[in-house]
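Okay, here's what each chain looks like letter by letter:
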Amino acid sequence: MKLEKVLDNVNSLEKNSFLKIIDNIKSSNPKNSKEIDKILSESSNNLKSVDSINIAKVFDLIKDEFAETIKAEFVNTTSQLDILIDIIIKDGNNILKQDWFARLYERELVKIRRKTKELKAQLESDKSEISELRKRDYLIYKACVETAYNNDSENNRDSKITDDELSILLTLTNQLELSQEEVKLINYLIIPPEKSDIDTVTTFLKNIGVIFFSKKNNLIYVADEVVRVLRKVRKKQIADKYFRRVLKTLKESQINLICRKHNIDVKELDYESKIKQIIKEGISFSNLLKSSMHKDGTNLTDRKKAVTDIWCKRLKIANTLKGGTLEEKIDNIVAHFNEIELDEKVGISVEGYEKLLIEINDELKSFRNLVLNEFEMPDETVLNSSTLLDFNIKPRDILDILPTEDLKTFITAKELKSRGDLVLNILDAYKDSENLLIENYVAIGFRNLNLLKENGIVIKESELGLKFECLTQKIFEQLGFNVDESLKKKLNTAKNKIDLVLNLDNNNIIIIECKTVKESGYNKFSSVSRQIKSYVDLAKKEGLNVVKSLLVAPDFSDDFVNDCDLEFEINLSLITAASLVNILDGFRESKHKQFPYQLLMKDVLIKEERILKAIKK
C-alpha cells in the first residue's frame, strides 16, 4: 500500500512518530531541502497540517536520510531489528494484524534458536556437513563478531558493536559472500535473541518510523516506499518476487549449486522448494549472478554470457542488456526490476485480475493454500484483486509462484495457448476484460447495475464513479494521449482533486472531469463549473496553459449545454460517454497513431459525426 493511502488510513496520533522523524530530518538541512521547502511552502510548514500527497512527496526527498536513521538503530544489539525488518519487508507482509505479526515473530525466533543450535554443533563437529572452506568463512566471521561485541566488557564498558565495527563486519560479510540468514545465525550464536512483548516490539517499530499501527483496526501498515528503503538497509537489491522470477529461469543443477555454496540442505526438497529456501536465506542477488550460480573456475566471459542469456533468452526482455563489465550488467538488471516495481500498472485490468483469481481457484484446489503459505498470510485473508494489490502483489507475481505443472493444468482446463511462455500466455488471455468494460462504458456512466450484471460485470455501486474515471483514462490513453499521473499528483491538493490531466507538452494541458449520473441528463452546471475553474487556477499557478477543459458524462440536459455555451473563462466542452466510445472505435480503424486534439476544440457539445468524418480522411 502506497504511503499516501496508508496515511489516509490512520489517525493524526498514529502518524505522529513518523512525522516527527521527517521533521527532525527536515530540520537538519537534508540534501533536498530546497525542494522540500517548496512543497511545504505551498501547503503548510507544519507537517501535521500537510495533506498525505505532499507528505509522501517529502518522504521521497528524504528517504536516504531516513535510511541512515534506521541504520543507526542496528548499534543496539538487543533490538532484534534485523529479525523484525526481515519479517515486514517480505512480499505480502506490509499489512498485518498485530496478533499475526506476533505469530510470525515468535515463529522466526523458534527457527533461529533451532538453526543456531544446529550450526553450533556443525562448527564444533569433526564430521561436519559444512564444507571446510565454508566452515572457515563462518569461523572467521564468528571470531570477528565476538571480538567486536566483547572488547568493551574487557575495558569495563557495556558490550555493544559500534558504528565503525558494524561497518567493518558488513564489508566482511560481503567479501565472504555470506547470506543474510548466515549472518543472522552467527550473530545470534554470540548474542542469543530474547523474546520481547509484541506491544513493545510494535511501539519500537512505530517510534523509529518503519510502521504505522492502527489501534482501531489492530492493523500494522508498512508503506511500499518504506519497504523499499528497508530493503536497501538490509542489502536486498530487489523484491523477493523478482528474485523468484530470475531463479525460475535457472536449471535445477544451478539451483543445487547455489544451495551447496550457502549450506542449504536440499534433501527431500523439490525444485520449487529449493527456490523458496534460497529466497529465505537472503542471498545477495548480485553475488548470486556474479558467482554462486557458476561452477568454480568459470571464466569471466562465460559468466557474462550466462547473465546475458538470463536477460535475453529466459526472461525474454526485449531491450539489450547494457554494460561492459559483469558488475554493470548486474546493476542494470537490478535497476530494471526496481523500475518495474515503481510502475503502478497492474499488467491486465483489475477486472481481468479478479476473473483470473476466481478461475485459478476453481481449477487448482491447492491454489489458496499455496498463496497463503508463499506470502505468509493468515487463513482469514480474502484473496481478491483489491486485497492483493494493497499487498503490491500483481497478476504476474501470483502466476510466478505456481509450479509449472499447475500452470499446464490451468492452461489445459481453460484451453489457452500452451506453446511458449506459459505465464505470458495466461496474462494475454485475461487482458480482454478491459475491452469488455469499455464496451459497457455507457452503462457504467449511467450506473446501470442490472445491465452490467447481465453483461457479466459484477461491480459494487460505490465503485462505479471510480471505474468510470479509470475507463475514461484508458480510452484517452488508447487515443494516444499522455495521461500524466505525476503531473496530476503535483497539481492536486487535499481540497481540489483533478480526475485526469492530458499533457500536450510545452506546458499545454487538457483537464478532464468525469461524472456519472443515474437519471438522464447531467444538470449540475454551477457546481461543476466552480470545480473546473479551481482546477484551471491551480494549473495556471504552476505556469501551465489549459488549452481545453472537458467534462465527460453519460448525458447532459439541454439547460446544462446552454449554460456551458455562455461560459468562457474555463473553455469547457462536453462529451458524452457514447460519443467518446464511438470516437475510439473510429480512431482504431483510422491511420492516426495520435488523436488530433484540435478536433476537441470547436464544439460546446462535441459532435462525434464531425470528428469521425475528420479522422477518416
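Residues numbered from 1 in each chain as written. Predicted model: local features only at pLDDT ≥ 70, side-chain atom pairs only at ≥ 80, totals over all residues. Heavy atoms only, no water.

Observations concerning the nonpolar core
Now for step 1: Ranked by size, the top nonpolar core spans 104 residues in total, and within it Phe-66, Ile-70, Phe-101 and Val-210 carry the most contacts.
Now for step 2: Per element, the largest residue contribution to this core is nine residues, and it comes from helix α4 (residues 52-73).
Now for step 3: In contact with Phe-101, not counting residues within four places along its chain, are Leu-84, Ile-87, Ile-88, Leu-96, Ile-198, Val-201, Thr-202, Leu-205 and Ile-220.
Now for step 4: If you look at the next biggest cluster of nonpolar residues, it comprises 39 residues, including Ile-444, Ile-475, Leu-479 and Leu-600. (Core = buried A, V, L, I, M, F, W, Y, C linked by side-chain atoms within 4.5 Å. Buried < 20%, exposed > 50% of the residue type's maximum accessible area, 1.4 Å probe, protein only. Helix = DSSP H or I, 4+ residues; strand = E, 2+ residues; numbered from the N terminus. Contact = heavy atoms within 4.5 Å.)

Regarding the sheet that holds strand β2 (residues 212-214)
Now for step 1: Ordered by their spatial adjacency, three strands build an open sheet running β1-β3-β2, and the pairing between neighbours is antiparallel. Two strands close off the open sheet at either side, each with one partner strand: β1 (95-97) and β2. On average, adjacent strands in this sheet sit at an angle of 25° to one another, irrespective of strand direction.
Now for step 2: Examined bridge by bridge, β1 and strand β3 (residues 219-221) share three bridges and lie antiparallel to one another. Each residue of the ladder has a partner; that of Leu-96, found in β3, is Ile-220. (Pairing = 2+ DSSP bridges. Axes fitted to C-alpha atoms, helices over the stretch in contact; angles between N-to-C directions.)

Overview of the sheet that holds strand β6 (residues 545-553)
Now for step 1: Strand order across the open sheet formed by four strands is β4-β5-β6-β7, with mixed pairing between neighbours. The sheet terminates laterally at β4 (500-503) and β7 (572-576), the two strands that pair on one side only. Neighbouring strand axes in the sheet, compared pairwise and without regard to direction, differ in orientation by 25° on average.
Now for step 2: In this sheet, β7 lies alongside β6 in parallel orientation, the contact comprising five bridges. Bridge pairing in β7 links Leu-551 to Leu-574.
Now for step 3: Running at roughly 150° to strand β5 (residues 508-514), helix α29 (residues 525-541) makes contact with β5, β6 and β7 of the sheet.

Examining the packing of aromatic side chains
Now for step 1: Applying the stated criterion across every chain yields a total of 13 aromatic pairs.
Now for step 2: Between Phe-18 and Phe-212, the ring centres sit 5.0 Å apart and the planes meet at 55°, which makes this aromatic pair tilted. Residue Phe-18 is located in helix α2 (residues 12-27), and its partner Phe-212 is located in strand β2; the two are separated by 194 residues in the primary sequence.
Now for step 3: Using a relative accessible area of 2% as the deciding quantity, one classes Phe-18 as buried. (Phe/Tyr/Trp six-rings, centres within 6.5 Å; stacked < 30°, edge-to-face > 60°.)

Remarks on helix α19 (residues 367-374)
Now for step 1: Along α19, the residues classified as buried are Phe-367, Val-371, Leu-372 and Glu-374.
Now for step 2: At its buried positions, α19 is contacted by α12 (240-247), α14 (271-281), α18 (350-363) and α21 (395-400).
Now for step 3: At the exit of α19 stands Glu-376, carrying a positive phi of roughly 50°.

Here's the deal with the environment of Ser-557
Now for step 1: Note that Ser-557 resides in the loop between β6 and α30 (558-566).
Now for step 2: In this structure the C-alpha to C-alpha distance between Ser-557 and Phe-525, which are 32 residues apart in sequence, comes to 9.8 Å.

Brief notes about the pairing of β5
Now for step 1: Of all seven residues in β5, six are buried; the element is thus mostly enclosed.
Now for step 2: Relative to β5, β4 is paired through four bridges, and the arrangement is antiparallel. Each bridged residue has a counterpart across the sheet, and for Leu-502 the counterpart in β5 is Ile-510.
Now for step 3: Linking two consecutive strands that pair antiparallel, namely β4 and β5, is a turn of four residues; a positive phi of about 75° is found at Asp-505 within it.
Now for step 4: Relative to β6, β5 runs parallel, the two sharing seven bridges. Of the residues in β6, the one forming a bridge with Ile-510 is Lys-548.

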